[in-house]
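Overview (structure and organization)
Listed here are the chains, written in short residue letters.
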Amino acid sequence: MILLPSLSSLFLPEFLLDDKLKNLLVNMLKRLYVPLPNQFERWLSDISFYRCGIELIFRDAPSLKENWDGRFDFNYSSALYDLTADYPDTNFPETWEFERDIETILNKRFWK
C-alpha cells in the first residue's frame, strides 16, 4: 500500500481552496477599487468562476468550512500583497470591509 497518493489527496483540496479563494478576493478587490470599467466584465467572469470552484470544493470537502475565518484572513493578506504591487496607485483597505461569511462571499454582489 502506497501512502503518498493518499496524503497528497488530503492536502489537495486545501491547496485548491486557498488558490481559488485568493483569486476570488483579488478579482473582487479589483472590481471594487480599481477604476477600469473596461475590465469589469472580465473580473465579474473570473469572480463567478472562482465562486463556483469554491462551492465544488466545499461540496466534496465540507470540513474545509471549519477554518473559514483564518483561511479568509490569510488569503486576503496574500491578495492584498499581490494587488498593491500590481496597482500601486490604488488604495485597497487593509481589512475586508464587508460581510465575510461563506454564504455572503460566494453569493453577494458587493459592487453596483
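Residues numbered from 1 in each chain as written. Predicted model: local features only at pLDDT ≥ 70, side-chain atom pairs only at ≥ 80, totals over all residues. Heavy atoms only, no water.

Observations regarding the nonpolar core
Judged by nonpolar contacts, the single largest core of 31 residues is most densely connected at Leu24, Phe58, Phe72 and Trp96. Elements that contribute at least two residues to this core include exactly α1 (4-33), α2 (40-60), α3 (68-86) and α4 (102-107). Looking at this core, the element that brings in the most residues is α2, giving eight residues. Residues in contact with leucine 24, not counting those within four places in the same chain, are Ile47, Tyr50, Arg51, Ile54, Ile105 and Leu106. (Core = buried A, V, L, I, M, F, W, Y, C linked by side-chain atoms within 4.5 Å. Buried < 20%, exposed > 50% of the residue type's maximum accessible area, 1.4 Å probe, protein only. Helix = DSSP H or I, 4+ residues; strand = E, 2+ residues; numbered from the N terminus. Contact = heavy atoms within 4.5 Å.)

What to know about the environment of leucine 106
Of note, leucine 106 is situated in helix α4. The buried category is assigned to leucine 106, whose relative accessible area is 8%. Considering only alpha carbons, one finds leucine 106 and cysteine 52, 54 residues apart in sequence, at a separation of 8.0 Å. Those residues in contact with leucine 106 that lie beyond four places of it in its chain are Leu24, Arg51, Ile54, Glu55 and Phe58.

A look at the side chain of threonine 90
Of note, threonine 90 is situated in the loop between α3 and α4. The contact partners of threonine 90, leaving out residues within four places of it in the chain, are Tyr33 and Val34.

Quick notes on the packing of aromatic side chains
Counted under the stated rule, the structure contains 12 aromatic pairs. Their ring planes at 15° and their centres at 6.4 Å tell us that phenylalanine 72 and tyrosine 76 sit as a pair that is stacked. Taken together, the residues span about one helical turn, with phenylalanine 72 and tyrosine 76 both in helix α3 at a distance of four residues. A single burial state applies to phenylalanine 72 and to tyrosine 76, both of which are buried. (Phe/Tyr/Trp six-rings, centres within 6.5 Å; stacked < 30°, edge-to-face > 60°.)

What about the environment of lysine 112?
For lysine 112, the position within the fold is in the segment after α4. Residues lysine 112 and arginine 31 lie 81 residues apart in sequence; the distance between their C-alpha atoms is 9.9 Å.

Brief notes about the environment of glutamine 39
The topology assignment puts glutamine 39 in the loop between α1 and α2. Remark: the alpha-carbon pair of glutamine 39 and asparagine 27, spanning 12 residues in sequence, is separated by 10 Å.

So, the confidence of the model for the protein
Taken residue by residue, the protein gives an average pLDDT of 92. The fraction at 70 or more is 90%. No element of the protein has a lower mean pLDDT than α1, which averages 84, and none a higher one than α4, which averages 98. (pLDDT = per-residue confidence, 0-100.)

Here we look at the pattern of salt bridges
Applying the stated criterion to the full structure yields six salt bridges. A salt bridge links aspartate 60 to arginine 59; the nearest nitrogen and oxygen atoms lie 3.1 Å apart. Relative accessible area serves as the criterion here: at 58%, aspartate 60 is assigned to the exposed category. Beyond isolated ion pairs, a larger network of salt bridges with shared partners links Asp69, Asp73 and Arg100. (Salt bridge = Lys/Arg side-chain N within 4 Å of Asp/Glu carboxyl O.)

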